[in-house]
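# Architecture and fold: a report
Spelled out from the first residue to the last, the chains are:
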Amino acid sequence: MSKILVLYYSSYGHLAKMADAVAEGARSAGAEVDVRRVPETAPFEVAQAAGFVADHSHPVLEDVNELANYDGIIVGAPTRFGRMASQMASFWDRAGGVWFQGQLNGKVGGAFTSTATQHGGQETTLFSIITNLLHFGLTVVGLDYGFQGQTGVDEVKGGSPYGATTISDGDGSRLPSEVELDGARYQGRRIAEVANKIAAPARELETA
């Protein structure tokens, strides 16, 4: 079975909840899953003034070289003006050596995000993450329409064929709904299933 990393950044806790749901889905496909967050780069006084919630739910992944230990990497970051938050971008910017050595080529990945509003840049943020993953050589798996929860207009909800999403409201008061968490679980499971078929067997051959 595959080994999956769910790597996220969260300012107010929404992405941490989505990361747990993604991990739950990946584990349901038999994958071994680690959930890690990237380091906070905002100065303490800035984070405090913005009301960031201290995230102690998962360990920090400090060493970018650890990315090579996984068959699949699922990345979650909130939007900042239509692109991934700088904390996540900074982490990947430090991974040039991993890219140069092709250590992630052939692995499987995906993206998930959150925005304050329904039209706050969810898809462009997902694409900013997906662009990074493709440059690092990963095969990207989105949230296909096998998950029907993302369709319909009966309620406010995130979800996109490019990845699972949630909506937080401007004050952060709205937590991920069960539909949104189900989407995250579905995507996590699909990525693990693909990694089980593609990346994990390739790794086993390399280490045999």
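Quick notes on the rules
- Residues numbered from 1 in each chain as written.
- Predicted model: local features only at pLDDT ≥ 70, side-chain atom pairs only at ≥ 80, totals over all residues.
- Heavy atoms only, no water.
- Helix = DSSP H or I, 4+ residues; strand = E, 2+ residues; numbered from the N terminus.
- Rg over C-alpha atoms; globule rule 2.2 N^0.38 Å.
- Buried < 20%, exposed > 50% of the residue type's maximum accessible area, 1.4 Å probe, protein only.
- Contact = heavy atoms within 4.5 Å.
- Areas by Shrake-Rupley, 256 points an atom, 1.4 Å probe, with all protein chains shown as cover.
- Lys, Arg positive; Asp, Glu negative; His and termini not counted.
- Charge placed at Lys NZ, Arg CZ, Asp CG, Glu CD.
- UniProt positions renumbered as here; feature names shortened; annotations may be inferred.
- Polar contact = N/O pair within 3.5 Å; in protein donor to acceptor, adjacent residues only side chain to side chain.
- Core = buried A, V, L, I, M, F, W, Y, C linked by side-chain atoms within 4.5 Å.
- Salt bridge = Lys/Arg side-chain N within 4 Å of Asp/Glu carboxyl O.

A few words on the overall build of the protein. Scanning the protein from terminus to terminus reveals 7 helices and 6 strands. Tracing the protein from N to C terminus, the helices and strands come up as β-α-β-α-β-α-α-β-α-β-β-α-α. Against the compact-globule benchmark of 17 Å for 208 residues, the protein has a radius of gyration of 16 Å, which places it among compact chains. The burial tally for the protein puts 49% of its 208 residues in the buried class. Within the protein, contacts between residues separated by at least 24 positions form 76% of all contacts whose residues are at least 6 apart in sequence. Of the accessible surface of the protein, which amounts to about 9500 Å², a share of 54% is contributed by carbon and sulfur atoms. Taken together, the 16 basic and 24 acidic charged side chains of the protein have centroids lying 3 Å from each other.

In the UniProt entry, the feature "domain: Flavodoxin-like" (unreviewed entry) is given for residues 4-191. Along residues 4-191 one finds 33% helix and 16% strand; the C-alpha atoms at either end are 9 Å apart.

Now for the UniProt feature "binding site: FMN" (unreviewed entry) in the protein. Annotation from UniProt places "binding site: FMN" (unreviewed entry) at Ser10, Ser11, Tyr12, Gly13, His14, Leu15, Thr79, Arg80, Phe81 and His135. Maximum C-alpha separation among the annotated residues is 28.8 Å over a sequence range of 126 residues, too wide for a single clustered spot. Inspection of the secondary structure assignment puts Ser10 in the loop between strand S1 (3-8) and helix H1 (14-28). Once residues within four sequence positions are removed from consideration, Ser10 is found in contact with Leu15, Ala16 and Asp55. Within the structure, Ser10 has its side chain in polar contact with the backbone nitrogen of Gly13 (distance 2.9 Å). With respect to the helices and strands, Ser11 occurs in the loop between S1 and H1. Classification of Ser11 by relative accessible area gives buried; the value is 4%.

What follows is about unusual backbone geometry. One non-glycine residue with positive phi stands out, namely Phe81, at about 55 degrees. In this structure Phe81 comes out as exposed when scored by relative accessible area, which is 84%. One non-glycine residue with positive phi stands out, namely Asp169, at about 75 degrees. Here Asp169 is to be found in the loop between strand S6 (164-167) and helix H6 (178-197).

The next point concerns the nonpolar core. Of all hydrophobic cores here, the largest spans 30 residues; its most connected members are Val6, Val33 and Phe112. Elements that contribute at least two residues to this core include exactly S1, H1, strand S2 (32-37), strand S4 (108-115) and H6. Here this core gets 8 residues from one element, more than from any other, and that element is H1. Apart from the residues within four sequence positions on either side, Val33 is in contact with Ile4, Val6, Ala23, Ala26 and Arg27.

What the rule picks out here adds up to 8 salt bridges. Among the ionic pairs, Asp154 bridges to Lys157, the shortest N-O distance being 3.4 Å. Looking at Lys157, the relative accessible area reads 13%, which means it is buried. Of the charged contacts in the structure, one is a salt bridge between Arg174 and Glu180, with a shortest N-O distance of 3.1 Å. Using a relative accessible area of 21% as the deciding quantity, one classes Arg174 as partly exposed. Beyond isolated ion pairs, a larger network of salt bridges with shared partners links Glu24, Glu178, Asp182 and Arg185.

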